[in-house]
Amino acid sequence: MATVKLSDVRKSFGKNEVIHGIDLDIADGEFIVIVGPSGCGKSTLLRMVAGLETVSAGEIHIDGRRVNDLEPMERDIAMVFQNYALYPHMNVYDNMAYGLRIAGKSKEEIRERVHQAAALLQIEDYLERKPRQLSGGQRQRVAMGRAIVRKPAVFLFDEPLSNLDAKLRVQMRLEIKQLQKELGVTSLYVTHDQVEAMTLADRVIIMNEGKAEQIGTPLELYANPASRFVGGFIGSPPMNFINVREGRFGDLQVRPEADSLGVRPEHMRITNEGSGLLAGKVKFLEALGAETLVHVELENGNLITVRQPGSEPAPEAGSMADISWKAQDTAQFNSQGLRVDK
Amino acid sequence: MSGMVEKRGRALWLSHAVLILGVAMICFPIWLAFVASTVSQPEIARPPMPLWPGDQLVENYRKALFAGINAPVSVMLLNSLVMAIGIAIGKIVISLLSAFAIVYFRFPFRMAFFWLIFLTLMLPVEVRIVPTYEVVAGLGLLNSYSGLIFPLIASATATFLFRQFFLTVPDELAEAARIDGASAMRFFRDILLPMSRTNIAALFVILFIYGWNQYLWPLLITTDPSMNTVVMGIKQMFPSGDDIADWPVIMATSILAMLPPVAVVIGMQKLFVRGLLESEK
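A count of helices and strands for chain A gives 8 helices and 18 strands. Seen through its C-alpha atoms, chain A measures out along the principal axes to roughly 80 × 45 × 30 Å. Residues classed as buried in chain A amount to 40% of the 342 residues present. For chain A, long-range pairs separated by at least 24 residues make up 64% of all intrachain contacts whose partners lie at least 6 apart in sequence.

Written out as C-alpha cells, the structure is:
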C-alpha cells in the first residue's frame, strides 16, 4: 500500500517535449485512471512511473521515496501490459512465479503465493497450461495474477482490456474494479476508453497533448468539464457545442468572453417550433430502446444530438425542430476552450 | 490430406514418372558408390561395372574405418565431427550474443557494428584464405582443432537471422522481465534463449552440414593425416602417379562421410518440427 506523488513530471524525446509537467497526488488505495486520445502521453506517463522511461524533469515519489533513478523492480510496482506480455514458453505457474524466483523467495512461499493469486482469479485449473492454450480473457487474468503475486505497492495498467471483445471487456472491467477494492492496492490505469475511465476510477486524469486537462471524480468531470476538450471527450454521445453567435440566448446570460456553449445531449429537449433556443431540421434518429438520439442539423450545418427517453414521442426525420435547455445546464467556454462561467 | 488439385489418369502418371526420374538421378550415383563399396578391387576394375552389391561389405568397411589409406577413416570422422559441431555451436553462440547486443542495447556505433558484421557476408573463407592462413600459422594452430574451427566461426548470416527474430519479440516481454527484476543476461537466458529454440535447431542443422562439408580450409591447414577431415580425406586417398586406387575403400569412406549429416538432419528434424508446432506464431 502506498501513495504516489508526481511533481511537475516532464518527458522529452530529444528536443521534443511530450509531457509538459504533470502534478498529481494519489492517496493510498486510490484508483486513478489516466484517459486521453492516442498520442496524448498517457502511456509515457505510466511508463515513467514504472521506470521503463526515464524522467526528464520533475520527481516521482512512491510511498514517500524518490524513485526517479530506481530500476523498475526496486520501485515496488507491478504492471499489466496491453498485449499481456506473458512469457510464451513458460506455463501459467512459471509466468506468475518468475518474478518471485528472481527475488529469491523460497519454493514454498512461491507456491503459496501463486496458488493464492490463482484462486483469487479463478485460474487454478490452468496453471500447467502455456499462454497460447488460453483465451484472451484467461491470458488477461494470468497477466493480473503475475502482478498480484508480487504484492506490489502500486498496480500499473496499460490499456489492459483493449485486446478483448466488448462483452469480455465489460466483465473484466468489473472484476478489476472488485479486485482492486478487495486488495486495496493503489492503482494507475491508462485507457483511451472513457467508459472504462468513468466506471473504474476514483479519480480521472484527462490528458491532452501532454498536459492534464482536468483531474477529478468521474461525475465531477462529467457535470463540470473544465474545458471544451473534457466536455467533448467524456460522455457518449459527447457534449454539444454551440457557437454563441448562433442563436438568441437572452436568458442564458452569456458572458462577453464566452465563445461557445456546451450542453449535454440529455439536457436538451425538442420543443414546439418557435419556442426554443435553437432551430434546425431533424436529420436522423437512433432509437436505442431505452433512449432515442435525435440528430438535428442547424442552419449552419452543425449537428446537435438530443438524447431523450425512448418512451417519449420522437419527431419525424426531416421535420423542423426547436431545441431548448435550462440555463443551469450550460457550460460556457472561451475561444481557448477554457471554462469561463465557473 | 486430400489434394486441393485433383489429378487423375495420365496427369497423375506423368507427374509421378517425372518425380521418379528425378529421384533416380539423385540416388543412382549413391547406389553405385554403395555397390562399389561392397565388391573387391578387381571386380571394379573389370568392365562392366557391377550394379548389385557384392560380398565384401564388412571387409571393405572394416578396412576403411580402422586402416584407411593415409589415416583410419574413424579418426577422420571424429575430426570432422569435432570440427562440424565446433563450428555449429561456436557460430550459434557468437551470433546469438552479437544479435542480442545489437537488438537490445544502445551503444555507440551500434549500427556501424551491425553493418560491419553484415559486410563479412561478402568475405567467405575462400576470399580471405591466404591472410587467414598466415594468421592461423602464426598462432601455431596448424594441424589443430582450434585452427580448423575458429576461423570459420564468425557468422553474419546467423547474426542477421537472430537479429530478425529478436526484432519480432515484443518489447513488452523485455519490459515485463525488467519489472520482474531480471537482469539483461537473465532475460537472455530465461526468455530469449528458450524462445529461439526452433531457430537454433534449424541453424544447427544448416551449420553442421556447412562445417562437415568444409573442404578447402582443412585441406590447407591439416598436413598431418591424423588431423584430416573426412570430406577432404577422400581426395587425399586418390592415388598419385601409378599407384592403384583402392576404390572399394574410397567408396566405403564416401558412404561413411555421408551418414553423419543424414543422421543430423533426420534426428534434428523431429526437434525442429516439434519446435515449429510449439512456437507462438
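On to the overall build of chain B, then. Scanning chain B for helices and strands turns up 14 helices and 0 strands. Taken from the N to the C terminus, the helices and strands of chain B come in the order α-α-α-α-α-α-α-α-α-α-α-α-α-α. At 24 Å, chain B has a C-alpha radius of gyration far larger than the 19 Å of a compact globule built from 281 residues. Here chain B holds 281 residues, and 28% of them are scored as buried. Sequence separation of at least 24 residues holds for 74% of the intrachain contacts in chain B that already meet a minimum separation of 6.

Contacts between chain B and chain A engage 15 residues on the former and 17 residues on the latter. Looking at the side of chain B that touches chain A, the elements that each hand over two or more residues are α9 (171-179) and α10 (184-195) of chain B. The residue inventory of the side of chain B that touches chain A, partitioned by class, reads 8 nonpolar, 1 polar and 6 charged.

Right, let's get into the sheet that holds strand β12 (residues 260-263) of chain A. Strand pairing in a sheet relies on backbone hydrogen bonds, with the paired strands running either antiparallel or parallel. All names here are of chain A. Here we have 3 strands laid out as an open sheet, ordered β11-β12-β18, and antiparallel in their pairing. Edge strands, defined here as strands with exactly one partner in the open sheet, are β11 (240-243) and β18 (331-333). Each neighbouring strand pair of the sheet contributes to a mean axis angle of 30°, computed without reference to strand direction. Across 3 bridges, β12 lies against β18 in antiparallel orientation. Each bridged residue has a counterpart across the sheet, and for S260 the counterpart in β18 is F333.

All names here are of chain A. Strand order across the open sheet formed by 5 strands is β13-β17-β14-β15-β16, with antiparallel pairing between neighbours. Both outer strands of the open sheet, β13 (269-271) and β16 (303-309), are each paired with one neighbouring strand and no more. Going across the sheet, the axis of each strand differs from the next one's by a mean of 50°, ignoring polarity.

Attention shifts here to unusual backbone geometry. Residues and elements named next belong to chain A. The peptide bond linking S236 to P237 adopts the cis configuration, its omega dihedral lying at -5°. Turning to its location among the elements, P237 is positioned in the loop between α8 (228-233) and β11. A positive phi angle is found at D76, which is not glycine, with a value near 65°. Inspection of the secondary structure puts D76 in the loop between β5 (65-66) and β6 (77-80). Of note, the phi angle at E159 is positive, near 40°, even though the residue is not glycine. Considering the arrangement of structural elements, one finds E159 in the loop between β7 (154-158) and α5 (166-183). E159 sits in the buried class, given 20 other C-beta atoms within 10 Å.

Here we come to the pairing of strand β9 (residues 203-208) of chain A. Regular strands place side chains that alternate from one sheet face to the opposite one. All names here are of chain A. Pairing of strand β3 (residues 31-35) with β9, which is carried by 4 bridges, proceeds in the parallel orientation. Bridged to I34 within β9 is I205. Bridging between β9 and strand β10 (residues 211-216) involves 5 bridges; their strand directions are antiparallel. Considered in β10, the bridge of N208 is made with K211.

Let's shift gears to the pairing of strand β1 (residues 4-13) of chain A. Residue and element names in this part refer to chain A. In this structure, β1 lies alongside strand β4 (residues 57-62), joined through 5 bridges in antiparallel fashion. Within β4, the position partnered with L6 by the bridge is I60. Note: β1 against strand β2 (residues 16-26), 8 bridges, orientation antiparallel. Its bridge partner lying in β2, L6 is registered against L24. In this antiparallel pair of consecutive strands, β1 and β2, the connection spans 2 residues, and G14 shows a positive phi of 65°.

Turning next to the packing of helix α4 (residues 73-104) of chain B against helix α8 (residues 156-168) of chain B. All names here are of chain B. One can describe the packing of α4 onto α8 by two numbers: an axis separation of 8 Å at closest approach and a directional angle of 45°. Judged by the angle between their axes, α4 and α8 are oblique. Two packed elements cross with a definite hand, and for α4 against α8 that hand is right-handed. Within the contact between the two elements, α4 uses K91, I92, S95, L96, S98, A99, F100, I102 and V103 and α8 uses A158, T159, F162, R163, F166 and L167. Residue classes in the contact of α4 with α8 are distributed as 10 nonpolar, 3 polar and 2 charged.

Residues and elements named next belong to chain A. Running from N to C, helix α2 (residues 92-102) and helix α4 (residues 136-149) point in directions that differ by 30°, and their axes come no closer than 8 Å. Considering the angle they form, α2 stands roughly parallel to α4. Here the hand of the crossing between α2 and α4 comes out right-handed. Along its contact with α2, which presents V92, N95, M96 and L100, the element α4 presents V142, G145, R146 and V149. In terms of residue class, the contact of α2 with α4 is built from 5 nonpolar, 2 polar and 1 charged.

Criteria and cut-off values
Residues numbered from 1 in each chain as written. Chains lettered and ligands numbered in written order. Predicted model: local features only at pLDDT ≥ 70, side-chain atom pairs only at ≥ 80, totals over all residues. Helix = DSSP H or I, 4+ residues; strand = E, 2+ residues; numbered from the N terminus. Buried ≥ 20, exposed ≤ 12 C-beta atoms within 10 Å, placed from the backbone. Contact = placed C-beta atoms within 7 Å. Rg over C-alpha atoms; globule rule 2.2 N^0.38 Å. Nonpolar A, V, L, I, M, F, W, Y, C, P; charged D, E, K, R; others polar. Pairing = 2+ DSSP bridges. Axes fitted to C-alpha atoms, helices over the stretch in contact; angles between N-to-C directions. Parallel < 35°, antiparallel > 145°, perpendicular 65-115°, else oblique. Left-handed = near helix turned anticlockwise from the far one by under 90°.

Interpretation in functional terms is not warranted from these geometric data alone.
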